[in-house]
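# Secondary and tertiary structure notes
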Amino acid sequence: MEKLLTDYLYEYKNCPLPSLGSLMLQPGHAKYLPGESKMLPPIPFIELAEKEIDHYSLVDFIAGKKKISTEEATALLYRFCNRLKKLEAYEELPLATAGSFYMDVDGRLHFKSVAMPAAFFPEATAERVIHPDVAHNVLVGD
């Protein structure tokens, strides 16, 4: 089940978890390192949002991949969500290659995302270009 949820998350950029919220694939932000003249790429990360979204497309996805009925797929999804609700404090439940769920001392569910491989996000050189023959040295956005 964990692999199917991860596949769905990476394909649709969200993964609904009924009665818990949703996992959302966030784009991240690029960073500029002026001393090194480098631009670091935006690295996506996964966060657990309290916002619940419609889970019917996920149920259809699970049913199609496992070749089972939507009722059985719904039962599998709810069983997984119930396992998450029953986690003890600081107990972890991995979600394939995406990260892991854990419960804090206050009984709140969290998701710890795995760092994405840096090979997929190469750095770029960032050098300021100055045109001496242009009247305005500062451009909009500089």
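See the structure shown above.
Reading the values: rules and limits
Within each chain, residue numbers correspond to sequence positions counted from 1 in written order. Local features in this predicted model are restricted to residues whose pLDDT is 70 or higher, and side-chain atom pairs enter the listing and the counts only when it is 80 or higher, whereas totals over whole chains, interfaces and linings include all residues. Side-chain calculation: all heavy atoms of the structure are included, whereas hydrogens and water are not. When a carboxyl oxygen of Asp or Glu lies within 4 Å of a side-chain nitrogen of Lys or Arg, that pair is called a salt bridge. A run of DSSP states H or I qualifies as a helix once it reaches four residues; a run of E qualifies as a strand once it reaches two. Both are numbered from the N-terminal end. Partly exposed residues are those whose accessible area sits between 20% and 50% of the maximum for their type, while under 20% is buried and over 50% is exposed, using a 1.4 Å probe and protein chains only.

## With respect to the pattern of salt bridges
With the rule as written, the count across this model stands at five salt bridges. A salt bridge links Glu50 to Arg108; the shortest N-O distance between them is 3.4 Å. Residue Glu50 is located in the loop between strand S5 (45-49) and helix H2 (56-66), and its partner Arg108 is located in the loop between strand S7 (99-103) and strand S8 (109-113); the two are separated by 58 residues in the primary sequence. Take Glu50: its relative accessible area is 66%, and that puts it in the exposed class. The salt bridge partner of Lys112 is Glu92, with a shortest N-O separation of 2.8 Å. Taken as a pair, Lys112 in strand S8 and Glu92 in strand S6 (residues 92-95) lie far apart in primary sequence, 20 residues in all. A relative accessible area of 41% places Lys112 in the partly exposed class. Its relative accessible area of 41% is what places Glu92 among the partly exposed residues.

## Side note on unusual backbone geometry
For Ser37, which is not a glycine, the phi torsion comes out positive at approximately 50 degrees. With respect to the helices, strands and loops of the structure, Ser37 is situated in the loop between strand S3 (31-33) and strand S4 (38-40). Of the residues examined, Ser37 reaches a relative accessible area of 28% and is grouped as partly exposed. Here Tyr90, not a glycine, exhibits a phi torsion of approximately 65 degrees, which is positive. Structurally, Tyr90 can be placed in the loop between helix H3 (70-85) and S6.

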